Each structure stands twice: as structure tokens, then as C-alpha cells.
Amino acid sequence: MAASNGTLPRTSAALREEIERTRADLATSVSALREEVAVATDWRQWVRRHPYACVGTAFLVGYVVGSRR
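Residues numbered from 1 in each chain as written. Predicted model: local features only at pLDDT ≥ 70, side-chain atom pairs only at ≥ 80, totals over all residues. Heavy atoms only, no water.

Looking up the chain in an unreviewed UniProt entry gives the name DUF3618 domain-containing protein, with the organism given as Corallococcus soli.

### What to know about the pattern of salt bridges
It is possible for side chains of opposite charge to pair when their charged atoms get near one another. Here is the rule: Between Lys or Arg on one side and Asp or Glu on the other, a salt bridge is scored when a side-chain nitrogen of the former is within 4 Å of a carboxyl oxygen of the latter. Helix numbers and strand numbers start at the N terminus; a helix is a DSSP run of H or I with at least 4 residues, a strand a run of E with at least 2. Each residue gets one of three labels from its accessible area relative to the maximum for its type: buried under 20%, exposed over 50%, partly exposed in between, using a 1.4 Å probe on protein chains only.
As enumerated under the stated definition, the model contains four salt bridges in all. One salt bridge in this structure joins arginine 21 and glutamate 17, with 3.1 Å as the shortest N-O distance. In this pair, arginine 21 and glutamate 17 both sit in helix α1 (residues 12-40), four residues apart, roughly one turn of the helix. A salt bridge links aspartate 42 to arginine 44; its shortest N-O distance comes to 3.5 Å. Classification of arginine 44 by relative accessible area gives partly exposed; the value is 44%.

Below is the structure:
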């Protein structure tokens with residue numbers, strides 16, 4: 001019996017295998033995303049990569065906060 005899209009219906013074992021593969025791919029993707037977010041939000045990395053911009057930003061924020069009297 002053919003499915004409506006012209007392909008043969010998949011067995012339950014094939015579907016389970018595909019679900020497990022998808023779960024594994026998803027777990028890998030989530031782990032990679034967590035690592036990227038951790039690196040992107042680590043302020044130490046920002047200071048190491050852009051020291052002058054960070055010092056300039058700190059100076060500017062300090063000036064703005066200090067001048068609000």
C-alpha cells in the first residue's frame with residue numbers, strides 16, 4: 001500500500017530509528033548552541049578581544065553616570 005505522496009509507508013522500527021537520530025542531532029545542536037552562547041556572553045573574552053573598546057565604554061558609562069547630578 002503506497003502513501004499519498006508516492007512513497008512506501010515506513011515501518012515503526014524505521015520511524016523509531018529516525019526519531020533517535022533526530023534526538024541525537026538535536027542534543028548535539030543544543031550543546032553547540034550552549035557553548036556559543038557561553039563564549040559570546042563571557043565578559044572576559046570581550047575584554048581580551050577588544051580591550052580599548054571596553055575601556056572606552058567603561059569610561060563613557062562612568063562619565064554619564066557621574067554627570068547625572
